Amino acid sequence: MATHTWAEPYKIKAVELIRMTTREQREEAIREAGYNTFLLRSEDVYIDLLTDSGCGAMSDRQWAGMMCGDEAYAGSKNFYHLRDTIENYYSYKHTVPTHQGRGAEHILSQTLISEGDFVPGNMYFTTTRYHQELAGGTFVDVIIDEAHDAESEHPFKGNVDIEKLDALVERVGAENIPYVCIATCVNMAGGQPLSLANLRQVRLWCDKHGVLLVHDMTRVAENAYFIQCREPAYRDRTVREIVYEICSLTDIATMSAKKDALVNIGGFLAMNDEKLYEKACALVVVYEGLHTYGGMAGRDMEALAIGITESVDDDHIRARVGQVEYLGAALQRAGVPIVTPVGGHAVFLDALRILPHIPQDCFPAQALAAALYEESGVRSMERGVISAGRNKDSGENYMPKLELVRLTIPRRVYTQAHMDVTAAAVIRVAEVAETISGLRFVYEPEMLRFFQARFERRQAGEVKQRDTSAR
Ligand SMILES: *Cc1c(COP(=O)(O)O)cnc(C)c1O
């Protein structure tokens with residue numbers, strides 16, 4: 001519809017002031033942070049594109065809901081409101097609230113995975129894979145090959161390669177696969193959707209082999225929007241309808257409500273199976289809290305119930321993804337290499353193409369994120385070899401094909417002018433790329449190292465030619 005732009009379907013009622021720093025201050029701040037943008041203070045950041053997690057703006061209705069928190073220890077009315085909303089919008093009958101997504105992943109992994117199991121998924125996510133490994137499982141990547149190619153224009157780079165599932169079942173047997181885990185709008189692939197046609201195939205595969213289907217639904221609304229845009233059969237369906245259909249093809253869901261669902265904290269594990277719900281309730285009281293609040297306050301459950309209804313609104317999601325595409329288009333016009341098509345929540349810079357002189361074991365994406373901050377005060381995040389971590393058996397670094405810097409757009413927070421400033425900063429950094437040098441670890445945490453690792457700069461002359469045969 002020509003009359004529809006991505007203009008925001010809201011107006012601004014309260015603002016939070018931000019401040020610009022000098023280059024000198026930023027050089028000092030990033031050095032003190034060990035060249036890790038996770039270790040910067042928020043006050044030293046001008047435009048914060050570290051993540052879209054928990055940093056969205058709530059609506060006036062959500063804030064009004066916060067005042068209606070029923071903080072009873074047991075049986076809060078907000079829990080029932082949340083549970084009913086999840087069933088209405090997402091189809092799942094039983095809900096276990098958790099403090100955030102990883103709380104749900106923990107309970108799910110401990111409930112379903114046994115030592116020696118294999119868990120296939122459409123690309124790994126950091127916390128998801130870590131909880132699978134803690135429970136004794138091994139993650140197996142079954143996403144289509146195009147997902148690992150930053151330049152592929154495939155419209156559904158989040159799709160599962162059914163042949164890879166077949167090969168896995170051949171190798172290890174269905175009895176050692178507790179479930180297939182599919183993520184909607186795959187974060188690590190660049191916010192790339194899967195199609196409903198593909199999801200139906202995965203459903204059939206799971207039914208054939210008696211394997212459960214788990215849905216990491218953190219970005220389900222963004223995925224549904226791409227289906228509406230790109231899968232012709234769904235052109236006339238609402239995002240809300242598509243979201244419901246995606247969910248009803250799966251058995252169990254984990255949710256980080258800090259993303260699509262528009263709240264600052266919270267998550268849940270949801271499912272249809274009664275027995276599984278009982279097991280999850282038994283574990284949630286150990287690790288989170290009573291099953292009617294899990295890890296959440298009553299007021300937060302209320303804000304979440306309202307956030308879910310707002311998140312599937314067509315105008316909301318068009319504006320949300322439209323803003324991300326606006327930033328992506330500005331960078332593409334300037335010839336900055338990014339992952340295409342542009343994803344739902346972020347623009348991903350291709351660090352291997354921007355910094356071809358830095359070998360992957362000198363962490364080009366980490367170095368690029370630090371340089372962007374120094375240049376402009378824009379905070380981004382590494383999604384490459386640091387995030388990938390080490391193989392738990394061999395201790396070797398995983399060397400992912402994608403070595404990316406993520407510019408993640410919080411929901412309903414920044415304006416078009418902020419996107420223009422960001423694009424200009426990235427373009428300036430790309431112009432002086434050859435002056436950026438690689439990094440080395442000075443502190444490497446054992447688990448989820450990207451959060452707290454510290455680095456120092458290598459000397460420019462120290463950088464060896466990248467060995468492309470390694471990839
Ligand atoms: C953020 C995220 C998680 C983990 O959720 P938290 O709320 O951060 O604990 C899991 N899966 C995906 C795809 C995510 O983006």
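All of these numbers come straight from a predicted model, not from anything done at the bench. (Residues numbered from 1 in each chain as written. Predicted model: local features only at pLDDT ≥ 70, side-chain atom pairs only at ≥ 80, totals over all residues. Heavy atoms only, no water.)

(A) The overall build of the protein, seen in detail. Looking only at helices and strands, the protein has 16 helices and 14 strands in total. Over its C-alpha atoms the protein spans a radius of gyration of 22 Å, differing by no more than 12% from the 23 Å that the globule rule assigns to 471 residues. With respect to the three principal axes, the spread of C-alpha positions in the protein is 60 × 55 × 45 Å. Burial statistics for the protein: of 471 residues in total, 59% are counted as buried. For the protein, the proportion of contacts with a sequence separation of at least 24, taken over those separated by at least 6, is 72%. Taking the 50 positively charged and 66 negatively charged side chains of the protein as two groups, their mean positions are separated by 2 Å. (Helix = DSSP H or I, 4+ residues; strand = E, 2+ residues; numbered from the N terminus. Rg over C-alpha atoms; globule rule 2.2 N^0.38 Å. Buried < 20%, exposed > 50% of the residue type's maximum accessible area, 1.4 Å probe, protein only. Contact = heavy atoms within 4.5 Å. Lys, Arg positive; Asp, Glu negative; His and termini not counted. Charge placed at Lys NZ, Arg CZ, Asp CG, Glu CD.)

(B) Spotlight on the sheet that holds strand β11 (residues 381-383). One open sheet accounts for three strands, arranged β9-β12-β11; its pairing is antiparallel. Looking at which strands have only one partner, the edges of the open sheet turn out to be β9 (346-350) and β11. On average, adjacent strands in this sheet sit at an angle of 35 degrees to one another, irrespective of strand direction. Where β11 meets strand β12 (residues 404-408), three bridges bridge the pair, whose relative direction is antiparallel. Bridge pairing in β12 links Arg 383 to Leu 404. Where helix α14 (residues 364-376) meets the sheet, its contacts fall on β9, β11 and β12, and the angle it forms with β12 comes to roughly 40 degrees. (Pairing = 2+ DSSP bridges. Axes fitted to C-alpha atoms, helices over the stretch in contact; angles between N-to-C directions.)

(C) Structural view of the pairing of strand β6 (residues 212-216). A large share of β6 lies buried, amounting to four of its five residues. Alignment of strand β5 (residues 179-183) against β6, held across five bridges, turns out to be parallel. Directly across from Cys 181, in β6, lies its bridge partner Val 214. Relative to strand β7 (residues 252-256), β6 is paired through three bridges, and the arrangement is parallel. What sits directly across from Val 214, in β7, is Ile 252.

(D) Quick look at the site of the ligand. Around the ligand sit 14 residues, and of these Arg 102, Asp 216, Arg 219, Ser 256 and Lys 259 come closest. In the environment of the ligand, an oxygen atom lies 2.9 Å from a nitrogen or oxygen atom belonging to the side chain of Gln 100. The side chain of Asn 187 places a nitrogen or oxygen atom 3.2 Å from an oxygen atom of the ligand. In isolation the ligand offers 380 Å² of accessible surface; the protein chains occlude 95% of this area. Considering every element that reaches the shell around the ligand, the biggest residue donor is helix α4 (residues 101-112), with three residues. (Near = heavy atom within 4 Å. Polar contact = N/O pair within 3.5 Å; in protein donor to acceptor, adjacent residues only side chain to side chain. Areas by Shrake-Rupley, 256 points an atom, 1.4 Å probe, with all protein chains shown as cover.)

(E) Main features of α14. For α14, built from 13 residues, the straight-helix expectation of 18 Å at 1.5 Å per residue is met to within 8% by its first-to-last C-alpha distance of 18 Å. Most of α14 sits inside the fold, with 12 of its 13 residues counted as buried. If you check which residues of α14 are buried, you get Pro 364, Ala 365, Gln 366, Ala 367, Leu 368, Ala 369, Ala 370, Ala 371, Leu 372, Tyr 373, Glu 374 and Ser 376. Just past α14, the residue Gly 377 takes up positive phi, approximately 80 degrees. (Expected span 1.5 Å × (residues − 1).)

(F) Up close: the nonpolar core. In terms of nonpolar packing, the biggest core is built from 61 residues, with Tyr 90, Val 180, Trp 205, Met 217 and Leu 304 touching the most fellow members. Element by element, the count of residues in this core is highest for helix α8 (residues 220-230), at six residues. Counting residues in each nonpolar core, the second largest holds 49 residues, with Ala 29, Leu 355, Ala 370 and Val 385 among its members. (Core = buried A, V, L, I, M, F, W, Y, C linked by side-chain atoms within 4.5 Å.)

(G) Region of interest: the environment of Ala 224. Looking at the element boundaries, Ala 224 is found in helix α8. Note: C-alpha distance between Ala 224 and Val 243 (19 residues apart in sequence) is 5.6 Å. Excluding residues that lie within four positions of it along the chain, Ala 224 makes contacts with Val 239, Ile 242, Val 243 and Ile 246.

(H) Inspection of a nonpolar patch on the surface at higher detail. The grouping of Tyr 10, Ile 12, Val 15 and Leu 17 at the surface amounts to a nonpolar patch, some 480 Å² of accessible area in total. Along the chain, Ile 12 turns up in the segment before α1 (23-32). (Patch = residues over 30% accessible without salt bridge, like charges linked within 9 Å, V, L, I, M, F, W, Y side chains within 5 Å. Salt bridge = Lys/Arg side-chain N within 4 Å of Asp/Glu carboxyl O.)

(I) Layout of the packing of aromatic side chains. For the structure on display, the rule yields 11 aromatic pairs. Here Phe 450 and Phe 451 contribute two aromatic rings whose centre-to-centre distance is 4.1 Å and whose plane-to-plane angle is 40 degrees, an arrangement assigned as tilted. When its relative accessible area of 4% is taken as the criterion, Phe 450 is described as buried. In this structure an aromatic cluster arises from ring pairing among Phe 38, Phe 450 and Phe 451. Over the face of the ring belonging to Tyr 124 we find Arg 129, whose NZ or CZ atom lies 4.2 Å from the ring centre. (Phe/Tyr/Trp six-rings, centres within 6.5 Å; stacked < 30°, edge-to-face > 60°. Lys NZ or Arg CZ within 6 Å of the ring centre and 35° of its normal.)

(J) Structural detail: the domain arrangement of the protein. Its domain assignment divides the protein into domain 1 (23-52 + 315-457) and domain 2 (60-311). Its C-alpha centre places domain 1 at a distance of 26 Å from the equivalent point of domain 2. Between domain 1 and domain 2, the residue contacts involve 33 residues of the former and 40 residues of the latter. In this assembly, domain 1 packs against domain 2 so that about 2,900 Å² is buried in total across both faces, 54% of it on carbon and sulfur atoms. Inspection of the region where domain 1 meets domain 2 yields six salt bridges. (Domains from an automatic or database assignment. Buried area = accessible area lost by both parts, 1.4 Å probe.)

(K) Just the packing of helix α7 (residues 196-209) against helix α9 (residues 239-248), in detail. Where α7 meets α9, the closest approach of the two axes is 10 Å, and the angle between their N-to-C directions is 20 degrees. One way to sum up the angle between α7 and α9 is to call them roughly parallel. Judged by the twist between their axes, the crossing of α7 over α9 is left-handed. Across the interface between the two elements, Leu 196, Leu 199 and Arg 200 of α7 pack against Ile 242, Glu 245 and Ile 246 of α9. Looking at the contact of α7 with α9 residue by residue, the class counts come to four nonpolar, no polar and two charged. (Parallel < 35°, antiparallel > 145°, perpendicular 65-115°, else oblique. Left-handed = near helix turned anticlockwise from the far one by under 90°. Nonpolar A, V, L, I, M, F, W, Y, C, P; charged D, E, K, R; others polar.)

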